Protein chains: 4
Amino acid sequence: MTLKIGVIGTGAIGREHIKRITQTLAGGKIVAVTDVNQESAKQAVEQFNLDATVYPDDKSLVAADNVDAVFVTSWGPAHEASVLETIAAGKYVFCEKPLATTAEGCLRIVEAEKKHGKRLVQVGFMRRYDSSYVQLKEVIENKEIGEPLMIRAAHRNPTVDENYTTDMAAVDTLVHEIDALHWLIDDDYKSVQVTFPRKTKHALPHLQDPQIFNIETMNGVAISVEVFVNCQYGYDIQCEVIGEEGIAKLPEVPSVVMRKGGNLSAGILQDWKKRFMDAYDKELQDFMDSIKETGEPNGPTAWDGYIAAVTTDACVKAQQSGEKEAIELQEKPALYKKSITELQTQ
Amino acid sequence: MTLKIGVIGTGAIGREHIKRITQTLAGGKIVAVTDVNQESAKQAVEQFNLDATVYPDDKSLVAADNVDAVFVTSWGPAHEASVLETIAAGKYVFCEKPLATTAEGCLRIVEAEKKHGKRLVQVGFMRRYDSSYVQLKEVIENKEIGEPLMIRAAHRNPTVDENYTTDMAAVDTLVHEIDALHWLIDDDYKSVQVTFPRKTKHALPHLQDPQIFNIETMNGVAISVEVFVNCQYGYDIQCEVIGEEGIAKLPEVPSVVMRKGGNLSAGILQDWKKRFMDAYDKELQDFMDSIKETGEPNGPTAWDGYIAAVTTDACVKAQQSGEKEAIELQEKPALYKKSITELQTQ
Amino acid sequence: MTLKIGVIGTGAIGREHIKRITQTLAGGKIVAVTDVNQESAKQAVEQFNLDATVYPDDKSLVAADNVDAVFVTSWGPAHEASVLETIAAGKYVFCEKPLATTAEGCLRIVEAEKKHGKRLVQVGFMRRYDSSYVQLKEVIENKEIGEPLMIRAAHRNPTVDENYTTDMAAVDTLVHEIDALHWLIDDDYKSVQVTFPRKTKHALPHLQDPQIFNIETMNGVAISVEVFVNCQYGYDIQCEVIGEEGIAKLPEVPSVVMRKGGNLSAGILQDWKKRFMDAYDKELQDFMDSIKETGEPNGPTAWDGYIAAVTTDACVKAQQSGEKEAIELQEKPALYKKSITELQTQ
Amino acid sequence: MTLKIGVIGTGAIGREHIKRITQTLAGGKIVAVTDVNQESAKQAVEQFNLDATVYPDDKSLVAADNVDAVFVTSWGPAHEASVLETIAAGKYVFCEKPLATTAEGCLRIVEAEKKHGKRLVQVGFMRRYDSSYVQLKEVIENKEIGEPLMIRAAHRNPTVDENYTTDMAAVDTLVHEIDALHWLIDDDYKSVQVTFPRKTKHALPHLQDPQIFNIETMNGVAISVEVFVNCQYGYDIQCEVIGEEGIAKLPEVPSVVMRKGGNLSAGILQDWKKRFMDAYDKELQDFMDSIKETGEPNGPTAWDGYIAAVTTDACVKAQQSGEKEAIELQEKPALYKKSITELQTQ
Ligand SMILES: [Mg+2]
Ligand SMILES: [Mg+2]
Ligand SMILES: [Mg+2]
Ligand SMILES: [Mg+2]
């Protein structure tokens with residue numbers, strides 16, 4: 001059984017997913033594409049030699065009879081409408097972050113999904129599929145470190161371009177930690193405060209870099225995430241969870257160990273794409289597999305997209321105020337209480 | 001374009017490859033299966049819900065019009081005949097190790113392939129697809145450690161069952177290092193001598209364990225491989241290349257780093273299957289992709305299968321004699337001089 | 001030339017220093033001891049077979065003709081008086097922390113020393129003599145990581161006894177980081193705020209554990225120190241300095257690397273005394289050597305003792321208020337501007 | 001109680017030991033010096049401001065009434081005579097390696113000591129005092145890795161000068177492993193075979209570098225030591241013991257961990273003197289302390305010096321023959337059966 005997929009947005013990320021489905025993963029087929037730039041959509045068909053129809057817009061693509069599921073890989077402001085369209089058609093949708101550009105937009109998607117009665121949406125937070133994060137979550141769930149008390153994390157990029165602004169540290173960079181960390185410890189956020197340390201000389205005048213986000217959870221876990229996007233030395237994702245009985249930490253990315261020129265060393269990734277390459281593959285494979293096996297996608301939900309939106313909003317507010325800002329969620333609908341898999345294994 | 005595959009041998013390894021093609025990788029389809037146990041072949045079709053014909057024997061499967069390529073995953077003594085059959089039909093073949101149970105058998109395959117005029121055979125030495133080995137090879141090829149002078153390697157299993165015999169340390173265990181190491185340093189073997197250290201109490205009376213294989217290459221590189229299959233603590237593959245300018249070593253398999261109970265620790269794999277899981281996926285994906293792109297498989301060749309056979313023969317002889325035994329190869333046919341990719345990038 | 005030493009306070013730490021001078025280090029001799037418990041002083045003489053006079057009190061010991069230098073190893077509240085006494089006599093004094101129990105007391109010592117005109121006092125902050133800290137400081141001073149922007153540190157003990165109170169996390173535990181970190185980056189503190197994460201179940205009801213101290217420096221460096229004194233797993237001192245060009249971190253304490261029982265592991269110290277054993281030796285050897293070579297002790301000064309007092313005061317206030325508390329120092333007297341060694345090498 | 005020491009040989013190593021006794025360690029005093037170059041002896045007295053007599057030769061120094069113990073730090077060929085002289089006088093002697101330049105010479109010293117009736121000699125094999133080796137030995141003695149089966153060791157120097165010859169790899173370099181390894185596993189050597197791998201281009205024409213020494217013990221342990229004295233990258237001592245239940249390995253020398261320029265790295269020592277600096281201090285402190293406490297030195301014995309001589313002889317023979325050469329010891333005299341400490345703790 002092959003899942004027939006329509007792709008809305010054939011830019012860089014859209015084409016990477018098309019490539020995955022076509023050249024790397026099993027069980028999916030791209031049957032439809034669209035883009036606001038129709039020429040781009042046609043090029044994508046040609047580039048990957050697809051047996052796919054080019055549609056004039058998301059509406060017509062979603063409506064196509066042979067489309068089982070939709071990938072929303074357009075630019076952020078367009079996500080909400082495409083996702084709502086797909087839910088209205090009762091079809092599955094994998095939406096890259098952000099689910100919507102506002103918390104209200106995310107809630108509208110949540111409401112639509114509730115109304116539909118089962119989960120159709122998966123949001124593209126790929127870290128949950130990274131084997132190191134998965135192992136870290138297992139360690140925590142197995143109570144190997146007891147109750148989590150603190151998390152120390154860092155998200156570092158070697159450099160950013162001139163378009164990168166201070167709020168993007170929250171909205172585009174920290175957002176991955178925002179999704180990963182509440183999932184990791186099965187907890188909700190309560191507040192956030194932002195510290196601006198001495199600024200690196202490598203940051204442009206308009207950009208505050210580095211930044212420290214101190215987040216408190218409902219269970220009292222103190223999370224500190226450093227975002228440092230001009231760290232020079234490489235792309236580096238760190239996460240350490242300090243618990244009552246011990247500490248668990250993501251391993252370093254494996255790299256050949258060298259003894260040379262007076263140093264014992266191992267390379268650090270420069271390119272962020274390589275860090276989560278396998279996770280990108282796995283999130284899409286799991287999206288397809290879980291739909292076939294359980295009738296629902298198994299990954300990050302629309303609710304997780306909503307949490308990310310509310311939390312990044314609070315982070316941006318905290319960047320501006322310098323104060324501790326509350327992170328307040330609506331009540332969680334029953335639909336999102338547990339993943340299907342989790343309920344089944346209980 | 002889908003590569004249509006016939007599988008000869010539907011035991012454990014055959015089914016794993018069927019699962020890969022069906023559930024994990026892109027671009028292949030199982031269209032034919034056979035097994036000396038026809039019931040097993042039928043079960044495999046059912047288990048993976050294949051749209052595939054069950055053939056009574058390898059001959060008929062190879063001959064089937066819709067079969068583009070053949071996987072030989074039967075027991076070792078049957079490999080040679082199936083591979084020769086496939087070459088005779090001018091079809092591609094992925095053969096699990098051993099290519100043949102004797103050096104002479106391997107040479108017959110080499111001759112058949114030479115006669116055919118291009119490479120059709122890939123042997124299932126998956127380590128060449130392991131990302132750590134690939135990175136190690138790059139380091140060496142980039143001359144980052146200068147000319148290789150020595151290699152220290154180890155192949156350790158936690159335990160083996162009672163059927164494991166002393167010669168299997170060479171034929172079934174060391175064989176992976178035999179293939180990987182000459183590929184790694186682009187060199188040929190010259191001689192081997194075996195040392196039997198003090199025997200572990202965890203080995204059964206009939207088994208010498210551990211063993212040390214000291215291999216010399218044509219360039220004078222001194223290779224020492226420890227094979228220790230009752231090491232108790234885990235499955236552990238080590239490889240360190242000492243060169244004129246520095247040393248390069250495979251990284252440890254990444255695992256969550258724990259601080260607990262007085263120890264800083266990281267788990268070691270227990271299950272060998274997990275170590276090269278990704279490499280198994282990549283070898284088959286590359287087999288399919290390179291055939292489509294270049295008309296030849298890109299992986300370990302029949303000649304590599306022959307090298308493995310000659311070398312394991314010498315290792316077994318050296319186990320018995322205690323002496324230094326020569327490793328003597330025929331002259332290398334032009335067909336195997338360079339991989340297509342290598343020639344293209346020159 | 002032998003430095004003749006009088007010891008005020010012959011409890012545990014006093015006897016350890018007597019043992020060092022007598023059995024481990026070169027160039028010193030214990031010639032005088034006293035203790036409020038005279039019996040203890042006599043026992044110390046006997047235990048180490050000292051050729052030393054027992055004095056009835058600190059005054060008489062300090063006044064003794066053959067005493068060149070004094071070790072103040074009595075209980076904290078007695079330190080100030082003994083140090084002032086020794087300065088008045090124009091003799092050298094090595095005083096264990098705290099220099100005095102109040103900032104005002106420390107200032108009185110600073111004033112006395114200023115009046116005397118050269119440095120006589122060294123405070124027992126031994127971390128500056130730890131080889132790892134020394135190497136870390138060199139890396140920073142050599143600008144290998146550029147300007148420091150952030151510090152992440154942790155001070156963890158496996159357990160504490162029932163007498164350990166929340167304020168001791170600042171006064172007795174954090175105080176070592178307080179001294180080490182401003183020395184490490186050659187900066188002064190500006191403010192501190194304290195966070196109480198979820199409390200571990202292993203802490204007694206009266207104790208907040210763990211605690212996070214967020215300290216800002218005059219140069220804007222954001223320091224975060226975790227104090228966690230019931231971490232269960234061991235005694236662990238972590239310090240990582242994040243700079244504009246890279247990151248430098250204390251190495252783990254070296255320990256035999258084991259592969260056993262499914263784990264790659266190395267032991268973590270349980271006993272804090274072992275962590276800085278060498279540093280304790282070196283601080284006393286340096287105290288004696290620098291006096292002989294330069295006429296002044298070379299280690300942490302009375303001014304450093306004052307900084308520690310002001311900072312721990314602010315930390316305790318911050319524990320109680322939950323607010324950001326200022327750390328305000330008097331102007332630094334010229335006497336403490338640079339160490340003699342530093343001035344000489346300029 | 002101060003141990004009064006006479007030093008025979010005031011070259012580099014002699015002066016380092018004089019400095020240790022004078023400026024670093026407790027309980028010893030240099031009261032006598034001599035050197036074949038009398039001027040050197042006088043300079044040493046001046047350099048360290050010693051209160052010591054310069055003697056015309058070793059005989060007169062040994063005979064001096066106020067000399068309790070002698071350090072033999074002259075050139076190798078002179079050691080035997082000075083040691084025999086000191087034993088004849090019934091005084092203690094710390095002799096740098098080699099104890100004597102021939103196995104026969106070592107045996108003469110053993111005989112003299114036997115005749116004297118108690119141990120007077122300690123040989124300067126300092127590795128037994130290195131904290132990492134000590135910890136490794138504890139792990140082995142505690143049976144944490146079960147019975148040792150194999151040892152993998154390496155002794156690497158960045159470069160050597162033109163005077164370094166092939167046999168020195170055994171006599172001057174490997175000799176430290178020879179002493180350390182039999183002590184580590186409490187075993188005796190049986191045979192040695194030497195392999196010459198491909199030679200590094202960084203070695204001069206007259207020097208074979210690297211070399212591999214494969215040594216078998218009486219218990220069947222297979223030891224492989226790589227000696228590589230032009231490895232370029234640093235001074236590096238590796239030792240890994242593979243046992244029935246697990247593996248134990250010397251830790252890396254601790255060094256600040258850097259993230260910079262695309263690498264996670266830690267420095268490797270360049271200067272061999274720094275690697276065992278602490279061990280040199282401890283061996284002399286222990287020599288003095290154990291004499292005072294037990295009446296005998298506690299370190300490597302004359303018998304250990306003999307083992308080293310016999311083994312290096314066999315190694316040199318094996319370098320020349322290419323064959324497996326026997327290592328044959330006389331029967332061990334009762335005097336050396338156990339160290340005093342070991343007997344006391346039994
Ligand atoms: Mg994504
Ligand atoms: Mg294979
Ligand atoms: Mg102290
Ligand atoms: Mg020595």
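Keep in mind that this is a model prediction, so the values were computed, not measured.

(A) Highlighting the interface of chain C and chain A. Between chain C and chain A, the contact holds 33 residues from the first and 33 residues from the second. Taken as a group, C:Arg152, C:Arg198 and C:Glu244 account for 28% of the area that chain C buries against chain A, more than any other trio of residues on that side. Where chain C packs against chain A, one counts four salt bridges. When the shortest N-O distance is used, the salt bridge between C:Arg198 and A:Glu147 registers 3.4 Å. Seen at the junction of chain C and chain A, the total is ten residue pairs in polar contact (both at pLDDT 80 or more). Going through the elements one at a time, strand 7 (148-156), strand 10 (222-228), strand 11 (236-243) and strand 12 (246-249) of chain C are the ones with two or more residues in the side of chain C that touches chain A. Of the residues that constitute the side of chain C that touches chain A, the class distribution is 14 nonpolar, ten polar and nine charged.

(B) Expanded view of the relation of the copies chain C and chain A. Least-squares fitting of chain C to chain A yields an RMSD of 0.0 Å, with the transformation described by 0.0 Å of translation along the axis and a rotation of 180°. Such values leave the two copies arranged in the relation of a two-fold axis. Take the interface residues of chain C: 100% of them recur as interface residues in chain A, which is what a same-surface contact looks like.

(C) Local environment of the UniProt feature "domain: Gfo/Idh/MocA-like oxidoreductase N-terminal" (unreviewed entry) in chain A. Feature annotation in UniProt places "domain: Gfo/Idh/MocA-like oxidoreductase N-terminal" (unreviewed entry) on residues 3-125 of chain A, given in this structure's numbering. A distance of 21 Å separates the end C-alpha atoms of residues 3-125 of chain A, which is 43% helix and 21% strand.

(D) Spatial organisation of the interface of chain C and chain D. Taken residue by residue, the interface counts 28 residues in chain C and 28 residues in chain D. At the junction of chain C with chain D, the criterion picks out zero salt bridges. For the interface between chain C and chain D, the tally reads eleven residue pairs in polar contact (both at pLDDT 80 or more). Counting residues per element, the ones that place at least two in the side of chain C that touches chain D are helix 1 (12-24), helix 6 (131-141), strand 12, strand 13 (257-260) and helix 9 (277-294) of chain C. For the side of chain C that touches chain D, a count of residues per class yields twelve nonpolar, eight polar and eight charged. Sheet topology places strand 13 of chain C next to strand 12 (residues 246-249) of chain D; four bridges connect them, and they run antiparallel. By the bridge assignment for strand 12 of chain D, C:Arg259 is matched with D:Ile247.

(E) Looking closely at the domain arrangement of chain A. Residue and element names in this part refer to chain A. Partitioning chain A into structural domains gives domain 1 (3-127 + 278-307 + 331-344) and domain 2 (130-270). For domain 1 and domain 2, the distance between their C-alpha centres works out to 27 Å. Every contact between the two is made by ten residues of domain 1 and, on the other side, 16 residues of domain 2. At the junction of domain 1 with domain 2, the criterion picks out two salt bridges.

Calculation criteria
- As a convention, each chain's residues are numbered from 1 in the sequence order in which they are written.
- As they are written, the chains are lettered A onward and the ligands numbered 1 onward, keeping that order.
- Local features in a predicted model are, by the rule used here, given only for residues with pLDDT of at least 70; side-chain atom pairs are given and counted only at 80 or more, and totals for whole chains, interfaces and linings are based on all residues.
- To get the side-chain values, all heavy atoms of the structure are used, and hydrogens and water are removed first.
- What makes two residues a contact is simply this: any of their non-hydrogen atoms within 4.5 Å.
- Buried area: the accessible surface (1.4 Å probe) lost by two parts on joining, summed over both.
- The salt bridge criterion pairs a side-chain nitrogen of Lys or Arg with a carboxyl oxygen of Asp or Glu, the two atoms within 4 Å.
- Polar contacts, as used here, are pairs of N or O atoms within 3.5 Å; protein pairs need one atom able to donate a hydrogen and one able to accept it. Residues neighboring in sequence count only if both atoms are side-chain atoms.
- Numbered from the N terminus, helices here are DSSP runs of H or I no shorter than four residues, and strands are runs of E no shorter than two.
- Residues are sorted three ways: Asp, Glu, Lys and Arg are charged, Ala, Val, Leu, Ile, Met, Phe, Trp, Tyr, Cys and Pro are nonpolar, and all the rest, Gly among them, are polar.
- Fitting of the copies onto one another was done by least squares over C-alpha atoms, counting residues only where both copies have pLDDT of at least 70.
- UniProt positions are given in the numbering used here, feature names are shortened, and annotations may be inferred rather than shown by experiment.
- Think of it this way: DSSP has to see at least two bridges between two strands before they count as a pair.
- Where each domain starts and ends comes from a domain assignment, either automatic or drawn from a database.

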